[in-house]
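Structural overview
One-letter residues, chain by chain:
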Amino acid sequence: AVLRVLVRAGRTATAAEFLRRLQRERSLSVASYNACLTGCAAEGLWELAESLMREMRVSGINADKESYEAVITTLEAAGERRLARKRRDEMRERFPSDLYS
């Protein structure tokens, strides 16, 4: 809940700091990351979005479709087309039965 409030207030960077504190306390979930990733998309913070995706992997938390869609949206809006394609390819590989544009 705290993460979503911070993101809605346009304070995604602060939300990411809070997320990292939760990580140290081992109380994270994919929903926690998705809240921050959605904020990254809204605020155009593509570098933070990429960093959060890496942190998810290191933490052993599997990104879901919502995670990938938020990161791809952020990357495309920032003009990072190569990285957006890479993430889209990863998403298709992880979720092959779904159709994506």
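Here is a short report on the structure shown in this document. Keep in mind the model is a prediction, meaning the values are calculated, not measured.

What about the overall build of the chain?
- Check the secondary structure of the chain and you find six helices and zero strands.
- Each helix (α) and strand (β) of the chain, taken in turn from the N terminus, gives the series α-α-α-α-α-α.
- The C-alpha radius of gyration of the chain comes to 13 Å, within 12% of the 13 Å expected for a compact globule of 101 residues.
- Seen through its C-alpha atoms, the chain measures out along the principal axes to roughly 35 × 25 × 20 Å.
- Counting over 101 residues, the chain shows a buried share of 43%.
- Sequence-distant contacts in the chain: of pairs separated by 6 or more residues, those separated by 24 or more amount to 57%.
- For the chain, the centre of its 18 positive side-chain charges and the centre of its 15 negative side-chain charges are spaced 2 Å apart.

Re the nonpolar core
- If you look at the biggest cluster of nonpolar residues, it comprises 29 residues, and the most contacted ones within it are L37 and L52.
- When residues of this core are traced back to their parent elements, those giving at least two are helix 1 (2-8), helix 2 (12-24), helix 3 (30-43), helix 4 (46-59), helix 5 (65-77) and helix 6 (81-94).
- Excluding residues that lie within four positions of it along the chain, L37 makes contacts with A49, L52, M53, M56, S67, A70, V71 and T74.

A word on the side chain of E55
- Locating E55 in the fold gives a position in helix 4.
- Classification of E55 by relative accessible area gives buried; the value is 14%.

Describing the pattern of salt bridges
- Taken as a whole and assessed by the stated rule, the structure comprises four salt bridges.
- The salt bridge partner of R87 is E50, with a shortest N-O separation of 2.6 Å. Placement of the pair is R87 in helix 6 and E50 in helix 4, with a sequence separation of 37 residues. As far as burial versus exposure is concerned, R87 and E50 are alike and both buried.
- Between E90 and R57 there is a salt bridge, with the nearest N and O atoms lying 3.6 Å from each other. Here the residue E90 occupies a position in helix 6, and R57 occupies one in helix 4, the gap between them amounting to 33 residues.
- Through salt bridges that share partners, E50, R57, R87 and E90 make up one connected network.

Quick look at a positive patch on the surface
- A cluster of basic residues, R81, R82, R85 and K86, forms a positive patch at the surface.
- Topologically, R85 is positioned in helix 6.

Concerning the packing of helix 2 against helix 4
- The N-to-C vectors of helix 2 and helix 4 enclose an angle of 10°; their axes lie 12 Å apart at closest approach. In terms of orientation, helix 2 lies roughly parallel with respect to helix 4. For the pair helix 2 and helix 4, the contacting residues are T12, A13, A16, L19, R20 and Q23 in the first and L48, S51, L52, E55 and S59 in the second.
- For the contact of helix 2 with helix 4, a count of residues per class yields five nonpolar, four polar and two charged.

Conventions adopted
Residues numbered from 1 in each chain as written. Predicted model: local features only at pLDDT ≥ 70, side-chain atom pairs only at ≥ 80, totals over all residues. Heavy atoms only, no water. Helix = DSSP H or I, 4+ residues; strand = E, 2+ residues; numbered from the N terminus. Rg over C-alpha atoms; globule rule 2.2 N^0.38 Å. Buried < 20%, exposed > 50% of the residue type's maximum accessible area, 1.4 Å probe, protein only. Contact = heavy atoms within 4.5 Å. Lys, Arg positive; Asp, Glu negative; His and termini not counted. Charge placed at Lys NZ, Arg CZ, Asp CG, Glu CD. Core = buried A, V, L, I, M, F, W, Y, C linked by side-chain atoms within 4.5 Å. Salt bridge = Lys/Arg side-chain N within 4 Å of Asp/Glu carboxyl O. Patch = residues over 30% accessible without salt bridge, like charges linked within 9 Å, V, L, I, M, F, W, Y side chains within 5 Å. Areas by Shrake-Rupley, 256 points an atom, 1.4 Å probe, with all protein chains shown as cover. Axes fitted to C-alpha atoms, helices over the stretch in contact; angles between N-to-C directions. Parallel < 35°, antiparallel > 145°, perpendicular 65-115°, else oblique. Nonpolar A, V, L, I, M, F, W, Y, C, P; charged D, E, K, R; others polar.

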